[in-house]
Structure formats: C-alpha cells, structure tokens
Amino acid sequence: MLTVPQTEVYTYEKVVIFISCCLSFLGASLIIGGHFWWPDLRTRARQLLLYLSLADLLSALSYSYGVLRDFQSSTWDCVLQGALSTFANTSSFFWTVAIAVYLYLIIVRSEKALADSLVVWFHAISWLVPLVITVAAVSLQKIGYDASDVSVGWCWVSIQAEDHVLWMLLTGKIWEFIAYITLPTLYILIKKHIYKAHEALSEYRPILASSSRHHTQSSIADRKLTIIPIIFIFLRIWSTVRFILTLCNSPAVQNGMLVILHGVGNTFQGAANCIIFVLCTQVVRTRLVSCLCSCFRHNVDPAPHKGLVNNYGEVISRRNAEMIPSYVIEE
C-alpha cells in the first residue's frame, strides 16, 4: 500500500479549478445548445461531438462538486461523485477516440456507410463500458477517498484499496494511455491524406475558379486536425504525470503547479472543444454573436437579418471549410 501523505489543495487552487469546471460546463452547454438551436448545422460527426459534450458536462459538474466539497474521507457523496466522474471521464475518452475513428473512415477510407453503421457501436462502447466499469468499482467498494494524490480534491479510486492501481487503470488510466497513442496516429493519417489530396489538385488549381477557397479549406482543416490531439494530450498529461509520481511514491506529486495543471487539465475539456468547434468556427461564431446581439438589442433593424437570409447558402457552404467533421461531409 502506498504511504504518500495527503496532498493539500489550497484555496487558490480550488478557485482556479472551479473556474475551469465552470468554463467547461458553459462550453459543453454551448455545443449542446447549438446542436438544437441550429438544426441546419447538424452533421453525423457533430452529433458525436454532442455526445462527447454530454460526457464533458457531467464530468464538469461532478468535478466541481468534488473541488468545492474537498473530501477528507469516503463519505456517501464522495462515492457518488467519484462514480459520476469515473463514468463521465471514461466515456469522454471513448467518444474522443470514436470521433477520430469516424473522421478517419470518412476522410481517408471514404467509407461513409461503414462509419455511419459504427455509430451504434460507438454508443454501446462509449456508454455501456464505462457504466459496467463504474458499477463494478462501486459494488466492490473501490471508489472513495484518494488523498488528492491522483485527483485534486475530488474522489476517485480509494487509496486504501489493496488493488487500487489496477482499478485506477481500469477506471481511466488505461483508456487514457490508449487515447494518447490512437488520437495522434489517426489524425496524422488524416492530415497526410488531406495533404496528398491537396497536392494532387495543385496542378489544376490555376484553372479552377475556386482554387483559393479550396486552399483556405485545406488550411483550416489542417490546423484543426493538428491542434485536436495536441490539446487533448496537453490537458491530460498532467494527471498521468501525477499518477506515475504516486506509483513511485515521489513527493513531487504535491507540487502546487502540477496540482493546478492536473486540476485544470481534467476539467477543461468541454471548454477546449467549445473553443475549437464553436469560437474557432466562423459560421457557428457568427450565429452565436447574432443571438447575443439580439438578446441585448430588441429593436434591431430587420434589414441585417434579410442580408443573412440572402447569404444563407454561402454560410452553409462555408461550414464545410470551417468545421472539421463537415469538411468532407454533407449530411
């Protein structure tokens, strides 16, 4: 059994992590709300993003409660919070990989029918596997207080369990390690395919009227495909580092900066997805700004809205250039 002393989570660390939870909650809520507000922007891949956002939303809620509560023992609400965060966090890993697999099949393999047929399996794996793991962990009393050595105030796998390392792997870490390998691999293959397709069309570009637009689409897709796995790894790597330090019984696990990075990394995924797929996607961002403006200005001249209607076709076509899932898909 590990003898690492309890890691104290200071007030300022709790504040930073709670703010991260709130931002993730808002980001996930914005993605979910946008899916229902703007049905014309729905694609199969953005539906997968919706399910990922649901998992991130539940994760942010459970983590925020754990941070505010700052458990000191395995109380009933500690077990409940640990179970919810375990389920949501594991589900988030599965959905993140599922989206990458879906994009790979669509873009590289050009097998849309196969990709669509796998959605049912994505649901089965991404919801049922985390549920089974969580129910088993709770039933065997493996969820509980962990002294904040592998968390930041919230509960996860009880540090007192004799086989806690095994359950830490089953309830999150092993899936995290798989995602570290799978995501960069798939997105690199997608980027290579897009690059080759872009090069193949380069000799025809001078006679294509839409050549500059096609180049812009490729550039946008290329940037987003690069940043998605980078952001995922950057956010998650700190919890992995603390996990390894805990196994090594190292006092560095209590380092204040590492604790904050771990807390923010585990709770910021919903906000990161919102930044990529909402704030950095012009068609969605434009509609969001328009909605916010209409909320504050009720007496707006209807003329601008007519202009939006006139340019509706152009806006819809631009979504293929700016949203990765829609870059090669038209539902």
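These figures come from a predicted structure and were not determined experimentally.

Looking now at the pattern of salt bridges. All chains considered together, the criterion is met by 7 salt bridges. Residue E111 pairs with R109 through a salt bridge whose shortest N-O separation is 3.4 Å. Note on R109: relative accessible area 44%, which makes it partly exposed. With a shortest N-O distance of 2.9 Å, K142 and D163 are connected by a salt bridge. Linking K142 in the loop between α5 (119-139) and β1 (143-144) with D163 in the loop between β2 (156-157) and α6 (164-200), this pair joins segments that are 21 residues apart in sequence. Among the residues examined, D163 registers a relative accessible area of 28% and is labelled partly exposed. Because the salt bridges share partners, they merge into one network encompassing R44, K112 and D116.

Quick look at the confidence of the model for the protein chain now. With 80% of its residues at a pLDDT of 70 or more, the protein chain shows a mean pLDDT of 81. Low confidence marks residues 207-212, where pLDDT is under 50. Its contacts with residues over four positions away, or in another chain, come to 1 contact. Residue range residues 302-331 is modelled with pLDDT below 50. Its contacts to residues more than four positions away, or to other chains, number 64 contacts.

Think of a pair of aromatic rings as described by two things: how far the centres are apart, and how the planes are tilted against each other in angle. Scanning all chains against the criterion turns up 12 aromatic pairs. Both rings, one in W37 and one in W38, keep their centres 6.1 Å apart while their planes meet at 70°; by these two values the pair is edge-to-face. Relative to W127, the ring of W95 lies with its centre 5.7 Å away and its plane at 65°, an arrangement referred to as edge-to-face. You can see W95 sitting in helix α3 (residues 76-107) and its partner W127 sitting in helix α5, a full 32 residues away along the chain. We classify W127 as partly exposed; its relative accessible area is 23%.

Thresholds applied
- Residues numbered from 1 in each chain as written.
- Predicted model: local features only at pLDDT ≥ 70, side-chain atom pairs only at ≥ 80, totals over all residues.
- Heavy atoms only, no water.
- Salt bridge = Lys/Arg side-chain N within 4 Å of Asp/Glu carboxyl O.
- Buried < 20%, exposed > 50% of the residue type's maximum accessible area, 1.4 Å probe, protein only.
- Helix = DSSP H or I, 4+ residues; strand = E, 2+ residues; numbered from the N terminus.
- pLDDT = per-residue confidence, 0-100.
- Contact = heavy atoms within 4.5 Å.
- Phe/Tyr/Trp six-rings, centres within 6.5 Å; stacked < 30°, edge-to-face > 60°.

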